[in-house]
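Understanding the architecture of this molecule
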Amino acid sequence: MTELATTQPAATGSTAARAVGLSKIYGSGETAVRALDRVSVAFGGGEFTAVMGPSGSGKSTLMHCLAALDTASEGDVIVGDTSLVGLSDKALTALRRDRVGFVFQAFNLVPTLTARENITLPLAIAGRKPDQQWYDTVISAVGLGDRLDHKPSELSGGQQQRVACARALVSRPAIVLADEPTGNLDSAASGEVLGFLRRTVDEFHQTVIIVTHDPVAAAYTDRVVFLADGRVVDEMLRPTAAAVLEKVKVLSAREVAGTAAGG
Amino acid sequence: MTLRNLLARKLRLTLSGFAIVLGVAFVAGSFIFTDALGGAFTGIIKGTTADAEVLPEGGGEFTGAGEDSRTIPASVEADLAGIPEVAVANGYNQVQGVYVIGADGELVGGDGPPGLAFNYTETEAITGDQIVTLLEGDLPSDESQVALDVGTADEAGYEIGDEVELVTPGPEPTMTATLSGLIQFGAEGGLVGASLTIFDDRAIQDLFFRGRDVYTGISLNAADGVSQQQLADAAQQVLPAGVEARTGDALAEENEDAIGEILGFINTFLLVFAAVAIVVGAFLIVNTFSILVAQRSRELALLRALGASRRQVNRAVLSEALVVALIGSTLGLGAGYLLAIGLRALFATFGLDLGAASLLVEQRTVLVSYAVGLVVTVVAAYLPARRASRVAPVTAMRDDVALPEASLRRRLVVGVLLSVAGVVLMVAGFAGSGRTGLVLIGGGMLAILLGVSLVSPVVGRPVVMLLGIGYRRAFSAVGTLATENALRNPRRTAATASALMIGLTLVALMSILGQSAKATTDAAIDETLTAQLVISNVIGTPFSTTIAEQVRDVEGVDSVAQFRQAFPEIDGSQSFVGAADPEQLARALDIPVAGGLTALTDGAVLATSAAADGQGLTVGDRVAMDFPVGEQEFTLAGTFPPSGAIPADYLITTDALEQAGIKAADSLIYITLAADADRSAVRAEIDVSIDDLPTVTLKDPAEFAQEQKEQIDQFLAIVYLLLALAVVIAVLGIVNTLALSVIERTREVGLLRAIGMQRRQLRRMVRLESVAIALLGALLGIVMGIAFGVVLQRAIAEQGLDVLAIPWIQLGVFVVVSGLVGVLAAILPARRAARMDVLTAIATE
Ligand SMILES: Nc1ncnc2c1ncn2[C@@H]1O[C@H](COP(=O)(O)OP(=O)(O)O)[C@@H](O)[C@H]1O
Ligand SMILES: [Mg+2]
């Protein structure tokens, strides 16, 4: 069994975010759940990473910790060059606002605001003007055209997720995190969203990390990190859908075997 | 099922339950308090009435036309004592208007409660207790001594042996006497704030009855086995003409009825506010259940999909309301008891001191409270319940469930129709006269209020949008979000604001009427009062006529007009009758009477145009007044406009009043100075002569007006205090709506926090939404209040409110306060929103 103590970014260059010996324990005593177990993983600037693993393996927990939505039980998370350990709620909130972009599986938009208002919301909250050039770039990349002034309820699921991605990008964050952003979409809409994210990596050198179950989605990325039982168990560079599918099969078989053996 | 639902929504229902609690508390409190008040007065009446009472014919009524000046020769007492049916006959003299000045120089009890004096007897009242008993010290033995009731002596700070200062209605306006002893009234001493002074038998005759050996009444206790009726009948045989014997029960009952009328008025007054509280509370209940039903629509749809009939769903919601109503009414009853204690304290500050009199919860109070609580809640929950039952089963399968909402257009139509009907009613009220007119106007106002509440989702939108422009400027994204939140559910926002609107409409209306009344007072006194000084008591407590005589002797005083008051019934209702010497009055006042004040002769009466209108009187008509000596007839000689300078609806001559058997006592003195008089010197000299009389004050016209305006302010203060409860309910409504909205928007709140909104910003967002709702309610309310105020002032202009004054600054203050109230209402919901854990909020389905 190949266990990697630390996985390194594939692309050379600076690190956009990393987890160092990160553990997350829910509950305490008998019922304690170790959702993440001493995970150390780094994400390079301008890299598109997919996190995969069986349900309950700690993918969402890892994303939440990286996004400063949740705090580590042990270890550290570093976004850009800021360590999250010991930061106040206020500082964490500001960090989410300015340095992190997050896309959920669903319900990413404020229903009372138009698409355009949703996109600029993080900046508006911070009381900052958007960098006009970057804003224009993001807006045109979303490709929503005249639908920008519509309310979310008037947009399709794919359009809504693209607006959510644009919102995550607008403040030029260190990392964009997306937890199963295509989980609720059909394959065509998934393609739109993943294509959009790919472009932001290629054209704007944005660091993007997504969680997905879909080997096809994983194939859009530069690197796949596999989680199981709260640990990084494997990784794959320049993945293809077929290779990922194969790897998932192997890993889950090992999982089943491990469970059988252990049980 | 219902109970489980309730427990699950405990928190959300608490606030709407609270509305019921407050509404019911108001109803219960009104009844409990007026019952206690009635009980206290009944205690006094029964505690002062013997088995039979011998009185001048028609006399002895508790709230009579005025103090009876007639007496009974003392020899009658001996005649009565000789009858076998009579065990004891005790002649007594009772005098009103004897006040105790405390050791601190202040009037005991302040303005308001009566000051009674009589001589000590051992008469036993129908309660079985002696009317008064000596507790400590001795009974007064001559003019130099008095005894006081324990409570009064206590409050005045006197102990036995102290020199007591008294204000009297007799020839000597003040006197001092040594406190010889302390007495107790009845068994418990409850005097409702009144003071009791006991004089020696002879002394009271010398001081107040010019030394004549007379009694104002004779109390009889029956011999063993003799009934009240037998006693009265036997006594009647030996009485001279003009004197009658009446049974204690009959007399007590008559007096209780008279008191009951006044108590009925107080009860109605309080119940009006209870009604306002309940209407406002109903809004809150409707709103809460609407929101709850909306939030549960999925669950209800599931029930429907599983085969529950519409009726079952309907019943599920209604039975939930029923449980809330039961709990709310029960708590409301308890809160009503506390409110009654509060009212008791409030009224005590006005001299109506119930002491520690027990507050009883009558069965009727319980029944009415539950009836009101149940009916209002169930009716208010019915509409949301009906809507819930219309949820199509298929919606259970959908992601976001929208309840079928009656189209805004239908609401708009109904609302506009209601408002139009209200306007029609008000117009009709204008045309109608007197009471019916005012009832129509009141009904019209209610219809318009409800109509406007219905259309408020439409009317409110532009107001909120306008506010939103300001919000956006000042608070950028947070302001935008708050505005959008206030706009996203117009019905909810409007219903919440409507509750506050009703409260503020009434507050604004009252402030306009109050301001107009004050302006009218100023104008009237300015126009009609030509006298330069006035001696009076703010509530018209009568004082010795000697004061007028003393003032007449002051150098520089040209003329003095004495003004007296009586309250005889005219056409069955108590009226304010003033009496003065026409010639004196003409020098003090410039009243525009057709035919001049000289038209007022002994057989004539002048009436204010309002009173004449109300009674349908025209010049030449006969006016019958019910005085102690019997009905007196007067001819209407003319009318005059109502004026704050003459506190009366009818005016007769002083001589006519004395002939009617009312004791001579002034309630107002107008002083006109000689042209060359040194005003301040004269004033100083008069001041000296009334210096030891804390019951009256000397003032110039401006101060006289000020005193009356303070009365108006005091009344307004009570009204505001009572309306404040409606506003409190409205605020709870805002809290409730916001709390429910925050729960409903849990995921959105989580999202906002996830993308970097600070807790502080989130709180501000909720606060701004709250302020928007509050300001919407305030603005609508104040606009309506102004409209109603103008209309009402016009309607009653002839009844003496002929100046319209709008207190703009005060209205502005109301708006600002409403905004602050919005801030206050947002505290808890905002904190709740800010405390939400981001991840749980996001994960919430
Ligand atoms: N708030 C929580 N409380 C307790 N246990 C949790 C909580 N969130 C996640 N877990 C547990 O942590 C483990 C990892 O969960 P998660 O990160 O959501 O996995 P994934 O996203 O890979 O499906 C699971 O066993 C899950 O049950
Ligand atoms: Mg997950």
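Model, not experiment: these values are computed from the prediction.

What to know about the overall build of chain B
Along the backbone of chain B there are 23 helices and 25 strands. Relative to its 845 residues, chain B shows a buried fraction of 54%. Long-range pairs, those at least 24 residues apart, make up 81% of the contacts in chain B with a sequence separation of at least 6. In the structure as shown, chain B presents an accessible area of about 34700 Å², 57% of it carried by carbon and sulfur atoms. The distance from the centre of the 54 positive side-chain charges to the centre of the 90 negative ones in chain B is 32 Å.

Quick word on the packing of helix H4 (residues 132-142) of chain A against helix H5 (residues 157-169) of chain A
All names here are of chain A. Packing of H4 against H5 leaves a shortest axis separation of 9 Å and a crossing angle of 165°. With respect to H5, the axis of H4 lies roughly antiparallel. In this structure, H4 meets H5 at a crossing whose hand is right-handed. Of the residues in H5, those touching H4 at Trp134, Val138 and Val142 are Arg162, Val163, Ala166 and Leu169. A per-class count over the contact of H4 with H5 returns 6 nonpolar, no polar and 1 charged.

Some remarks on the pairing of strand S13 (residues 217-222) of chain B
Residues and elements named next belong to chain B. Along S13, 6 of the 6 residues are buried, which leaves the element largely enclosed by surrounding structure. Going residue by residue along S13, you find Gly217, Ser219 and Asn221 tucked away on one face and Ile218, Leu220 and Ala222 tucked away on the opposite face as well. Taken together, the 3 bridges between strand S1 (residues 52-56) and S13 define a ladder with antiparallel strand orientation. Residue pairing for S13: glutamate 53 is matched across the bridge by serine 219. Direction of pairing for strand S3 (residues 86-92) relative to S13: antiparallel, over a ladder of 6 bridges. When the bridges of S13 are listed, valine 86 appears paired with alanine 222.

Topic: the site of ligand 1
All names here are of chain A. For ligand 1, the full set of nearby residues is Tyr26, Val33, Ala35, Pro54, Ser55, Gly56, Ser57, Gly58, Lys59, Ser60 and Thr61. Here an oxygen atom of ligand 1 and a backbone polar atom of glycine 58 are 3.1 Å apart. In this structure, serine 60 approaches ligand 1 through a side-chain N or O atom, which is 2.8 Å from an oxygen atom. Starting from 560 Å² of accessible surface for ligand 1 in isolation, the protein chains cover 58%. Elements with a contribution of two residues or more to the shell around ligand 1: strand S2 (33-44) and helix H1 (59-66). With 3 residues, the top contributor of residues to the shell around ligand 1 is H1. Across the shell around ligand 1, the residue classes break down as 4 nonpolar, 6 polar and 1 charged.

Focus: the interface of chain A and chain B
Between chain A and chain B, the residue contacts involve 24 residues of the former and 22 residues of the latter. Carbon and sulfur atoms supply 66% of the area buried between chain A and chain B, which totals about 2100 Å² over both sides. On the chain A side of the contact with chain B, Phe107, Thr112 and Ile125 of chain A bury the most area, a combined 28% of that side's loss. Run the count over chain A and chain B and you get 2 salt bridges. Among the elements that make up the side of chain A that touches chain B, the one with the highest residue count is helix H2 (residues 89-99) of chain A (6 residues). Residues that form the side of chain A that touches chain B fall into these classes: 12 nonpolar, 4 polar and 8 charged.

Quick notes on the sheet that holds S3 of chain B
All names here are of chain B. On the basis of which strands lie adjacent, the open sheet formed by 4 strands has the order S3-S13-S1-S14 and antiparallel pairing. With one partner strand each, in any of the chains shown, S3 and strand S14 (243-247) form the two edges of the open sheet. Mean inter-strand twist for the sheet, computed between neighbouring axes without regard to direction, equals 20°. The strands that helix H6 (residues 228-238) touches are S1, S3, S13 and S14; relative to S14, the one it contacts most, it runs at about 170°. On top of the sheet, helix H7 (residues 248-295) reaches S1 and S14; it is set at about 90° to S14, its chief contact.

Observations concerning a positive patch on the surface
Positive charge collects at one region of the surface, where Lys90 of chain A together with Arg760, Arg763, Arg831 and Arg835 of chain B lie side by side. Those elements giving two or more residues to the positive patch turn out to be helix H21 (759-795) and helix H22 (808-835) of chain B.

Here's the deal with H1 of chain A
All names here are of chain A. Counting buried positions along H1 yields 7 of 8 residues, so the element is predominantly enclosed. Buried residues of H1: Lys59, Thr61, Leu62, Met63, His64, Cys65 and Leu66, and no others. Count one or two residues on from H1 and you reach alanine 68, which has phi positive near 65°.

With respect to the packing of aromatic side chains
One pass over the full model with this rule turns up 7 aromatic pairs over all chains. Each ring, one from phenylalanine 102 of chain A and one from phenylalanine 104 of chain A, has its centre 4.6 Å from the other, and the planes form 40°; the classification is tilted. The same class applies to phenylalanine 102 of chain A and to phenylalanine 104 of chain A, which are both buried. Judged by centre distance (6.3 Å) and plane angle (75°), the rings of phenylalanine 563 of chain B and tyrosine 670 of chain B are edge-to-face. Here phenylalanine 563 of chain B is found in strand S16 (residues 557-566), whereas its partner tyrosine 670 of chain B is found in strand S24 (residues 668-673), with 107 residues between them in sequence. The same class applies to phenylalanine 563 of chain B as to tyrosine 670 of chain B, namely buried.

Observations regarding the confidence of the model for chain A
Taken as a whole, chain A shows an average pLDDT of 87; of its residues, 92% reach a score of 70 or greater. Within the model, the stretch residues 1-6 of chain A combines pLDDT values under 50 with 6 contacts to residues more than four positions away or in other chains.

Notes on unusual backbone geometry
It is generally the case that most residues other than glycine have a negative phi and that most peptide bonds are trans. Residue and element names in this part refer to chain A. With a phi angle near 45°, glutamate 180 is a residue other than glycine that sits in the positive phi range. Following the sequence through the fold, glutamate 180 ends up in the loop between strand S7 (175-179) and helix H6 (187-204). Of note in this structure, arginine 238 is not a glycine but carries a positive phi near 40°. With respect to the helices and strands, the residue arginine 238 is situated in the loop between strand S10 (231-237) and helix H8 (241-262). Classification of arginine 238 by relative accessible area gives exposed; the value is 66%.

What counts, and at which threshold
Residues numbered from 1 in each chain as written. Chains lettered and ligands numbered in written order. Predicted model: local features only at pLDDT ≥ 70, side-chain atom pairs only at ≥ 80, totals over all residues. Heavy atoms only, no water. Helix = DSSP H or I, 4+ residues; strand = E, 2+ residues; numbered from the N terminus. Buried < 20%, exposed > 50% of the residue type's maximum accessible area, 1.4 Å probe, protein only. Contact = heavy atoms within 4.5 Å. Areas by Shrake-Rupley, 256 points an atom, 1.4 Å probe, with all protein chains shown as cover. Lys, Arg positive; Asp, Glu negative; His and termini not counted. Charge placed at Lys NZ, Arg CZ, Asp CG, Glu CD. Axes fitted to C-alpha atoms, helices over the stretch in contact; angles between N-to-C directions. Parallel < 35°, antiparallel > 145°, perpendicular 65-115°, else oblique. Left-handed = near helix turned anticlockwise from the far one by under 90°. Nonpolar A, V, L, I, M, F, W, Y, C, P; charged D, E, K, R; others polar. Pairing = 2+ DSSP bridges. Near = heavy atom within 4 Å. Polar contact = N/O pair within 3.5 Å; in protein donor to acceptor, adjacent residues only side chain to side chain. Buried area = accessible area lost by both parts, 1.4 Å probe. Salt bridge = Lys/Arg side-chain N within 4 Å of Asp/Glu carboxyl O. Patch = residues over 30% accessible without salt bridge, like charges linked within 9 Å, V, L, I, M, F, W, Y side chains within 5 Å. Phe/Tyr/Trp six-rings, centres within 6.5 Å; stacked < 30°, edge-to-face > 60°. pLDDT = per-residue confidence, 0-100.

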